[in-house]
Amino acid sequence: MSAVQSDLKKYPFEFNGDGWEFFKIWIVNICLSIVTLGIYSAWAKVRTNRYFHNNTSVAGSSFEYLANPIAILKGRLIVFAAFVLYSIVTKVSPVLAGVLFLIYAILVPWAITKSLSFRAYNTAYRNVRFHFKQNFSSAYLIYLGLPAIFFVVVFALTGLMSIVNLLAIPVVIIFIIGFPLAIPAFQWFIKRFFVENSSYGRTAFRFKMSLDSFIGIFLKAILFTILIAIGVVIVMVVLTKVLGVDLQDMQNIEEGGASVPFNIVSALLGMAIYLFPYAYVQTKTANLLFGTTTLGEFSDFRFHCYQDVFEVMVLYITNTLAIVFTLGLFIPWAKVRMAKYKASRLCFMAEQSIDNFAAREQERVSALGEEFGDFADFDIGL
Amino acid sequence: MKINGLYFDGKSSKGITAELSFGWNGNIAVCAGGEILTAPLDQVVISSRIGNTPRYFQFEQGGKFETTENDVVDACLYQFRPKAGLIHTLESRASIILISLLVVALFGWGFVVYGTPAVAKFLAERLPYNTYVYLSDETLELMDKRFLSPSKISEERQQQLQAIFNNLTSESRSEYEFKLLFRDSEKMGANAFALPSGTIVVTDQLVQLTENNQEILGILAHEIGHVIYRHSMRLAIHNSMIGFLILFITGDASSSSVFISTLPVTLIYLNYSREFEEEADLYAIKYLENSDINLGNLFCMMQKLAAAHKEDGKLPEFLSTHPDMDARIRSIRDSTNLESMDCNLKNK
């Protein structure tokens, strides 16, 4: 006698790309972009995105990237024109340049929203497009409002500190505690903005990540950084004592003061300080973000992401080394390896049939949106 | 020929196992779940081939057929559109890949070797002089704290050299405020360096090494050459450009590591700065020639510096970054047209 029948089905993601295959596409893309003075780069971007979307599959179907290269080219030309306009204006009048800069800054949240919308609209799965709601008020609140509040608070506190000397220590303590909390909190708002406004066809994604669990990842990363840094310092001190290296000489690297092996060892140790915490934040954030996102109001459709910190770290190190030693030619393989790994650690979990997601009525994202869609190419990893 | 795949109607995510076939007259027929859909070829948007990724047939009324059978699709399509898939053809030809690789390598090499120095030069020449003054003051302050102490050279000798220096700078184009400073520095030894604003610092150890004022003149002219060609700023801009380029290349793919990337920067730096030293040498030679000063002075001074620094194994700024120091000395000797030079190398 079985208990309640569980209809849970797991659909693992797969990435079927191949390094050599992508290398050929990549090198032709770059070559044609150079030969056409950058015009082909819009087509190159579409081909690259199509390669990665089409090769990602789940439940027997793959993702489609449908963007029109002409729209991307127009977007790039507009951004280029804005840049040229700015550099001309700086020559003519610094005041006018300041005003122009302010206008551009005010346009950023709008452009981010348009870009996300363009990207979602042009991504489809099983002939159903994704959608990103153009929620401008949230975008302005997050990308302009929150930084503004942050700076006002910082200025107010520093001002207070300089007026009332007694408050110096409490203010510094507030800063020390406040900064490590404020940055992940800001990130959390961005991620919520992205997930909550996204939908697959008519079915919206829901963001259920708690703020404290997200901040926890960052606090742990800070703790790891401090511990590793202490360890590295101890190792360095021991090394200098054993090898008898004069630390004063270290400052004259140009003159080749310290021995080369010692420099390499210290560079590697320096890498360890930031590499582990970096990989830790990346993997744990991905795992938590996917793990707490549902498709639809309830948890009938959810994700399971289980990236491993050390596996990701090994990927980072080997990819970077290979890229450096091949003068960049390894880049296509590095991208494919990363995509393969990420897909292999992601699962779509469904308690109901995945056949019933309804598409939206065909509504095109406005032409202007498409043109700005590629604006600075904002990347939000989901 | 039948092509197997899935059909999606575009209203929901439901997929139906389907078969697609090309008719002899160019019609496309999809048989999905017992229903047959037909459309003329020119009303169906067929996605172009990329690698071995799935293909999509988009029908006008919103339906879509997805298949992984790329080769069959290409074979069927060929009879109607022999020129389709041009880019994919390019991407699959070994010769095209090889040519692309060569073009990209050539462009990359040209950009690093000729492009970035040109941009650095362009920018350095357009930066306002204020920037140079600001940077120089900052640098001097830092150097004073770490490496330099007040000079112990006699007031008289300082004034003597100052007079020579003033004479020297009054002849050069003067958008710069040239200044000569003396500093004592055990750490740097016999050395001279130029700050971008036109301030030139000479160590006591260098002054002590010289026997006559004409010897130091060559060194000063060399340093003024660095200032006039804006070498330090060009180097700084160039370095940050290369650093940015490397970050852009590696960061894009692996999101990590700036540290290992500094290696190629150093290599490029060495080569680039050697050119600068040669340029400054040429400036000094030209100046000495115009003032009818024997070039042998510069030649002797360089030999002395090289000898003085051989013992501690470190080269001063004036000589560092020159793996082929000998070649430089030789080229100066060639300009002097003197077969033998008596340089009075001091032996400690």
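Residues numbered from 1 in each chain as written. Chains lettered and ligands numbered in written order. Predicted model: local features only at pLDDT ≥ 70, side-chain atom pairs only at ≥ 80, totals over all residues. Heavy atoms only, no water.

A.B. asks: Can you explain the environment of B:Asn4? Please cite residues and give values.
C.D. replies: All names here are of chain B. On the secondary structure map, Asn 4 appears in strand S1 (residues 2-8). Residue classification places Asn 4 among the partly exposed residues on the basis of a relative accessible area of 42%. Spatially, the C-alpha atoms of Asn 4 and Glu 19 are 4.8 Å apart, while their sequence positions differ by 15 residues. Dropping the residues within four chain positions of it, Asn 4 is found in contact with Ala 18, Glu 19, Phe 65, Thr 67 and Glu 69. (Helix = DSSP H or I, 4+ residues; strand = E, 2+ residues; numbered from the N terminus. Buried < 20%, exposed > 50% of the residue type's maximum accessible area, 1.4 Å probe, protein only. Contact = heavy atoms within 4.5 Å.)

A.B. asks: How would you summarise the confidence of the model for chain B if you had to cite specific residues and measurements?
C.D. replies: Residues and elements named next belong to chain B. Averaged over all residues, the pLDDT of chain B is 78; the fraction at 70 or higher stands at 80%. At the level of individual helices and strands, chain B shows its lowest average pLDDT in helix H11 (residues 325-336), which scores 64, and its highest in strand S7 (residues 64-67), which scores 93. In the model, residues 252-264 has pLDDT below 50 throughout and makes 35 contacts with residues more than four positions away in sequence or in other chains. The ipTM, which scores confidence in the relative placement of chains, is 0.82 for this predicted complex, and the corresponding pTM is 0.78. (pLDDT = per-residue confidence, 0-100.)

A.B. asks: Report on the nonpolar core, specifying residues and quantitative values.
C.D. replies: Grouped together as the largest cluster of nonpolar side chains are 78 residues, with contacts concentrated most on A:Phe13, A:Tyr200 and A:Phe348. Sort the elements by how many residues they give to this core and helix H9 (residues 260-291) of chain A lands first, with 10 residues. With residues up to four places along the chain from it excluded, the contact list for A:Phe348 reads A:Lys9, A:Lys10, A:Tyr11, A:Phe13, A:Val58, A:Leu295, A:Phe301, A:Arg302, A:Phe303 and A:Ile354. Core analysis: the next-biggest nonpolar cluster, separate from the first, contains 36 residues, B:Ile153, B:Leu180, B:Ala190 and B:Met302 among them. (Core = buried A, V, L, I, M, F, W, Y, C linked by side-chain atoms within 4.5 Å.)

A.B. asks: Could you give me a rundown of the sheet that holds strand S10 (residues 192-194) of chain B, with the residues and numbers involved?
C.D. replies: Residues and elements named next belong to chain B. The four strands are arranged S8-S9-S11-S10 in an open sheet whose pairing can be described as mixed. Looking at strand neighbours, the two that pair on one side only are strand S8 (149-150) and S10, the edges of this open sheet. Pairing analysis gives two bridges linking S8 to strand S9 (residues 179-184), with the strands arranged antiparallel. Looking at the pairing, Pro 150 lines up with Arg 183 of S9. Taken strand by strand, helix H7 (residues 213-228) contacts S9, S10 and strand S11 (199-203), and its axis lies near 25° from that of S10. (Pairing = 2+ DSSP bridges. Axes fitted to C-alpha atoms, helices over the stretch in contact; angles between N-to-C directions.)

A.B. asks: Can you explain the side chain of B:Thr53? Please cite residues and give values.
C.D. replies: Its place among the elements puts B:Thr53 in the loop between strand S5 (45-46) and strand S6 (55-58). Residue classification places B:Thr53 among the buried positions, given a relative accessible area of 0%. Of the polar contacts made by the side chain of B:Thr53, one reaches the backbone oxygen of B:Ile50; its length is 2.8 Å. For B:Thr53, the contacting residues outside a window of four places in its chain are A:Tyr51, A:Asn54, A:Asn55 and B:Asn70. (Polar contact = N/O pair within 3.5 Å; in protein donor to acceptor, adjacent residues only side chain to side chain.)

A.B. asks: Give me the environment of A:Ser62: which residues, what numbers.
C.D. replies: Checked against the element boundaries, A:Ser62 lands in strand S3 (residues 61-65). Considering only alpha carbons, one finds A:Ser62 and A:Gly98, 36 residues apart in sequence, at a separation of 47 Å. Setting aside its immediate chain neighbours within four residues, A:Ser62 contacts A:His53, A:Asn54, A:Thr56, A:Ser57, A:Ala124, A:Tyr125, A:Arg126, B:Pro54, B:Tyr56 and B:Glu66. At 2.6 Å, the side chain of A:Ser62 forms a polar contact with the side chain of B:Tyr56. In this structure the side chain of A:Ser62 is engaged in a polar contact, spanning 3.0 Å, whose partner is the side chain of B:Glu66.

A.B. asks: Outline the interface of chain A and chain B, listing residues and values.
C.D. replies: One frequent convention defines the size of an interface as the accessible area lost when the parts assemble. Residue-level contacts link 56 residues of chain A with 51 residues of chain B. Across the interface of chain A and chain B, roughly 4600 Å² is buried in total on both sides, 62% from carbon and sulfur atoms. Remark: the boundary between chain A and chain B carries three salt bridges. A salt bridge links A:Arg47 to B:Glu91, with the shortest nitrogen-to-oxygen separation between them at 2.9 Å. Those elements that provide at least two residues to the side of chain A that touches chain B are helix H1 (19-35), helix H2 (41-55), S3, helix H8 (247-250), H9, helix H10 (309-325) and helix H11 (331-344) of chain A. Residue contributions to the side of chain A that touches chain B peak at 11 residues, all from H1(A). Looking at the side of chain A that touches chain B, its residues break down into 30 nonpolar, 15 polar and 11 charged. (Buried area = accessible area lost by both parts, 1.4 Å probe. Salt bridge = Lys/Arg side-chain N within 4 Å of Asp/Glu carboxyl O. Nonpolar A, V, L, I, M, F, W, Y, C, P; charged D, E, K, R; others polar.)

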